[in-house]
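Notes for the structure review
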Amino acid sequence: MTSVRFYDEIPDELLKFAVILAAHDGKLVFCKHQERNTWEIPGGHREAGETILSTAKRELYEETGALDFEIAPVCVYSVTAPGNFDGKESFGMLYRADITRFEAELHSEIEKIMITDRLPEQWTYPEIQPKLLAEASRRGLIK
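Cut-offs applied
Residues numbered from 1 in each chain as written. Predicted model: local features only at pLDDT ≥ 70, side-chain atom pairs only at ≥ 80, totals over all residues. Heavy atoms only, no water. 1 Å grid on protein atoms, 1.4 Å probe; cavity = no way out; pocket = protein on both sides within 12 Å on 5 of 7 lines; lining within 4 Å. Points joined across faces, edges and corners; volume = space filled by probe spheres on them. Helix = DSSP H or I, 4+ residues; strand = E, 2+ residues; numbered from the N terminus. Nonpolar A, V, L, I, M, F, W, Y, C, P; charged D, E, K, R; others polar. Buried < 20%, exposed > 50% of the residue type's maximum accessible area, 1.4 Å probe, protein only. Polar contact = N/O pair within 3.5 Å; in protein donor to acceptor, adjacent residues only side chain to side chain. Contact = heavy atoms within 4.5 Å. Arc of directions from axis to C-beta.

**A few points about the layout of surface pockets**
When its volume is computed, the largest pocket comes out at roughly 440 Å³. Contributing to the lining of the largest pocket are 21 residues, with Phe17, His45, Tyr77, Tyr125 and Gln129 lying nearest its centre. When contributions to the lining of the largest pocket are tallied by element, the ones reaching two or more residues are β2 (15-24), β4 (43-45), β5 (66-80) and α2 (129-138). Counting residues per element, the lining of the largest pocket draws most heavily on β4, at three residues. Taken together, the residues that form the lining of the largest pocket break down as ten nonpolar, seven polar and four charged.

Spelled out as structure tokens, the structure:
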């Protein structure tokens, strides 16, 4: 079973992922990878030498085409799941971003984005990402 936990902070070197709860005009932004039929919250792996904030900004651009945005940390999250990292707890930083301008087209593995006030029915990570949204909602950061 997958477990998701939340923390206010942990040592920076433990942060391996950045996930960004993105919004545009009050609606959430989700992305669809070209090789999947599911939706996800923008985010991804931290690259060597990258700050976790740089990871978040890069992933937000790559996965949504966001050019102008305000971004701020929400909290640290962790995932423990059989088959992921040998069942060990892995950590990421959850961000909130308000996007004001997008690039005309996407240039990555993302096929398209969806700007909506509804949650997707088909999630890429159904045991993780709805819990990230719920935590942000609990903290009053999204409706």
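**Notes on the side chain of Thr2**
Inspection of the secondary structure puts Thr2 in the segment before β1 (3-7). The exposure class of Thr2 is buried, given its relative accessible area of 10%. Among the polar contacts made by the side chain of Thr2, one reaches the side chain of Glu127 at a distance of 2.6 Å. Every residue in contact with Thr2, bar those within four places of it in the chain, is listed here: Val79, Thr80, Ala81, Glu127, Ile128 and Lys131.

**Some thoughts on empty space enclosed by the protein**
Across all of its chains, the model carries one cavity of 30 Å³ or more by this definition. Estimated volume of the largest cavity: approximately 30 Å³. Together, Ile20, Leu21, Ala22, Leu28, Val29, Phe30, Ile41 and Leu133 line the largest cavity. Of all elements in the fold, only β2 and β3 (27-33) reach the threshold of two or more residues within the lining of the largest cavity. In terms of residue class, the lining of the largest cavity is made up of eight nonpolar, no polar and no charged.

**Concerning the environment of Ser90**
Within the secondary structure, Ser90 sits in strand β6 (residues 90-102). Setting aside residues no more than four positions away along its own chain, Ser90 makes contact with Phe17, Tyr77, Ser78, Val79 and Phe85.

**Description of the environment of Tyr95**
In this structure, Tyr95 sits in strand β6. For the pair Tyr95 and Leu21, spaced 74 residues apart in sequence, the C-alpha to C-alpha distance is 6.0 Å. The contact partners of Tyr95, leaving out residues within four places of it in the chain, are Ala18, Val19, Ile20, Leu21, Ile52, Leu53, Ala56, Ile71, Ala72, Pro73 and Val74.

**With respect to α2**
Turning to α2, its buried residues are Gln129, Leu132, Leu133, Glu135 and Ala136. Projection of α2 onto a plane perpendicular to its axis shows the buried side chains occupying an angular sector of 160°, all on one side. Contact partners of the buried residues in α2: β1, β2, β3, β5 and β6.

These values are about where atoms sit, not about what they do.
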